[in-house]
Amino acid sequence: MDFFKSLKLKEDEREVEPAPILRINGKPYAKMYHYCQAAPGEVSVLGRIRSDGDNVYTVLDVELLEQECSAASTDMDEQALTDFVFKIAKRGGNPSEYNFWFHTHGHGGVFWSGVDDDNCERHSQKTPYFALVMNKCGEMVARRDFQGETCCAKVVVVPTGAPSLMKECYSEVRKKVRAIIPAFKEDEGNGFYKARRLNQE
Ligand SMILES: [Zn+2]
């Protein structure tokens, strides 16, 4: 959690409220990316998000429903939406956790069209509603709509499912990266900086 806190602006650096952070775990991100590549035009996906406090929200999973799309539109089938809500409720889930709308713009740019604005504002009620647009290059923009107010959201993708690779990277950093750290020992004086390997005490 400290890492995500560090992404926020410090108190004296910010002029406005810090942007919320939308964290996307590896698996839902991979699904979103591949849906985007596979669709001939636009495509929409619903996602379940969780609030992790400190203005950080995590996308836990995403669901592709039956829909009709063109190069410049994406419409989920009403019946598919109704069935989906029913299915979630039946298995004891909370449909209101699906407060994330992901859609793509194919080969176009990433921006909010008038239709996108309307859709997000319509969902902006008591709970924060997040939306993200991606194109085939993988560019993304995200926003949060909450109680009638819209703001940009920062997107952080967290790789998951490769613990051995994570260990390998940690060990490689410890071996190859020398950190410049302030030395406050009396004989070296304050403000003296030296590089040392991370595995040196
Ligand atoms: Zn759009």
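Use the structure listed above.
Now for a description of the structure that goes with this document. (Residues numbered from 1 in each chain as written. Predicted model: local features only at pLDDT ≥ 70, side-chain atom pairs only at ≥ 80, totals over all residues.)

**Some points on the overall build of the chain**
Applicable threshold: Secondary structure counts use DSSP, requiring at least four H or I residues in a row for a helix and at least two E residues in a row for a strand, with both numbered from the N terminus. Residues are called buried when their C-beta atom has 20 or more other C-beta atoms within 10 Å, exposed when it has 12 or fewer, and partly exposed otherwise; all C-beta atoms are positioned from the backbone. Any residue pair is listed as a contact if its two C-beta atoms, each placed from the backbone, are within 7 Å.
Each helix and strand in the chain was counted, giving five helices and 11 strands. Taking all 201 residues of the chain together, the buried fraction comes to 20%. Taking all contacts inside the chain whose residues are at least 6 apart in sequence as the whole, residues at least 24 apart take part in 58%.

**Regarding the pairing of strand β5 (residues 73-76)**
Inclusion rule: When DSSP locates at least two bridges between a pair of strands, those strands are taken to pair.
Burial along β5 is one-sided: the face carrying Thr 74 and Met 76 is buried and the face carrying Ser 73 and Asp 75 is not. Two elements, strand β4 (residues 67-70) and β5, share four bridges in a ladder whose sense is antiparallel. Bridge pairing in β5 links Gln 67 to Met 76. Between the end of β4 and the start of β5, which pair antiparallel, lie two residues.

**Some words on helix α5 (residues 163-176)**
Put simply, the rule reads: Helix span, as expected, comes to 1.5 Å for every residue beyond the first.
A rise of 1.5 Å per residue sets the reference length of α5, with its 14 residues, at 20 Å; its end C-alpha atoms lie 20 Å apart and thus fit the reference within 8%. Along α5, only zero of the 14 residues are buried, which leaves the element largely exposed.

**Topic: the sheet that holds strand β3 (residues 56-63)**
What counts is decided by this rule: The axes are straight lines fitted to the C-alpha atoms, using for helices just the contacting stretch, and the angles between their N-to-C directions are given from 0 to 180°.
The strand order around the closed barrel formed by seven strands is β1-β3-β2-β6-β7-β8-β9, and the pairing between neighbours is mixed. Each strand of the sheet is rotated relative to its neighbour by a mean of 35°, with strand direction disregarded. Across four bridges, the pairing between strand β1 (residues 21-25) and β3 is parallel. Following the sheet pairing, Ile 21 is matched in β3 by Val 56.

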